Amino acid sequence: MEQHVYAELIGGPEDGRSFIIPAVDADLPMGEFAFPSPRDGEDPCSPYACYNRRDQRPDGVWRYQYAGEQNVAP
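Counting restarts for each chain, with residues numbered from 1 along the sequence as it is written. With pLDDT at 70 or above as the cut-off, local features in this predicted model cover only qualifying residues; side-chain atom pairs require 80 or more to be listed or tallied, and sums for whole chains, interfaces and linings still use all residues. Computation of side-chain values covers all heavy atoms of the structure but excludes hydrogens and water.

Visitor: Explanation requested: the pattern of salt bridges in the structure shown.
Guide: Working definition: two side chains of opposite charge can pair if their charged atoms are close together. By definition, a salt bridge exists where a carboxyl oxygen of Asp or Glu is found within 4 Å of a side-chain nitrogen of Lys or Arg. Applying the stated criterion across every chain yields a total of 5 salt bridges. E14 is the salt-bridge partner of R17, the closest N and O atoms lying 3.8 Å from each other. For E14, a relative accessible area of 25% puts it in the partly exposed group. Where D55 meets R63, a salt bridge forms, and the shortest distance between an N and an O atom there is 2.8 Å. Note on R63: relative accessible area 21%, which makes it partly exposed. The network of salt bridges with shared partners includes E8, R57 and D59. Any residue under 20% of the maximum accessible area for its type is buried, any over 50% is exposed, and the rest in between are partly exposed; the area is computed with a 1.4 Å probe on protein chains only.

Here it is, written out as structure tokens:
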């Protein structure tokens, strides 16, 4: 069982960003996550950019699709 997997963000303010995240049950990474998405000149506590697990590329990298912004993390 893998403890970490590679992930890539698609769309939204972090399009193209890649990183390593923890894997949870059955080698699957978390299904969704959010992180602060401050824009130039905005309060750092502005809305969170939300991403949902989409699919896995043939090379094993998990892709997360931008799902919009929320005022609080899911």
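Alright, that's what it looks like, and here's the rest.
Visitor: Just to check I follow, could you spell out the packing of aromatic side chains for this structure?
Guide: For any two aromatic rings, the description comes down to two numbers: the centre-to-centre distance and the angle of the planes. To pair, rings of Phe, Tyr and Trp, with the six-membered ring standing in for Trp, must have centres within 6.5 Å; the planes then decide the type, stacked if under 30 degrees apart, edge-to-face if over 60, and tilted in the middle. Evaluation of the coordinates by the stated rule reveals 4 aromatic pairs. Within the aromatic cluster, the residues linked to one another by ring pairs are F19, F33, Y51, Y64 and Y66. The lysine or arginine in question, R53, covers the ring of W62, its NZ or CZ lying 5.7 Å from the ring centre. Note on criteria: charge over ring means Lys NZ or Arg CZ within 6 Å of the ring centre, with the direction from the centre no more than 35 degrees off the ring normal.

Visitor: What exactly am I supposed to notice about the pairing of strand β4 (residues 48–56) here?
Guide: One face of the sheet, then the other: side chains in a regular strand alternate in exactly this way. For two strands to pair, DSSP has to find at least two bridges joining them. Helix numbers and strand numbers start at the N terminus; a helix is a DSSP run of H or I with at least 4 residues, a strand a run of E with at least 2. Pairing geometry for strand β3 (residues 32–36) and β4, over 5 bridges, is antiparallel. Across the sheet, residue F35 finds its bridge partner in β4, namely A49. Bridge count for β4 against strand β5 (residues 62–70) is 8 bridges, and the pairing is antiparallel. By the bridge assignment for β5, C50 is matched with G68. From the end of β4 to the start of β5, which pair antiparallel, there are 5 residues, and G60 there has a positive phi angle of about 95°.

Visitor: How should I be thinking about the nonpolar core in this particular structure?
Guide: Nonpolar side chains tend toward joint burial in soluble globular proteins. In this description, a nonpolar core means a group of buried Ala, Val, Leu, Ile, Met, Phe, Trp, Tyr and Cys residues linked to one another through side-chain atoms lying within 4.5 Å. Counting 11 residues, the largest nonpolar core consists of V5, A7, L9, I21, A23, F33, F35, A49, Y51, W62 and Y64. Top contributing element to this core by residue count: strand β1 (residues 4–10), with 3 residues.

Visitor: Would you take a moment to explain the environment of E69 for this structure?
Guide: As for its position among the elements, E69 is in strand β5. When its relative accessible area of 31% is taken as the criterion, E69 is described as partly exposed. Sequence spacing of E69 and P47 is 22 residues, and the spatial spacing of their C-alpha atoms is 5.8 Å.

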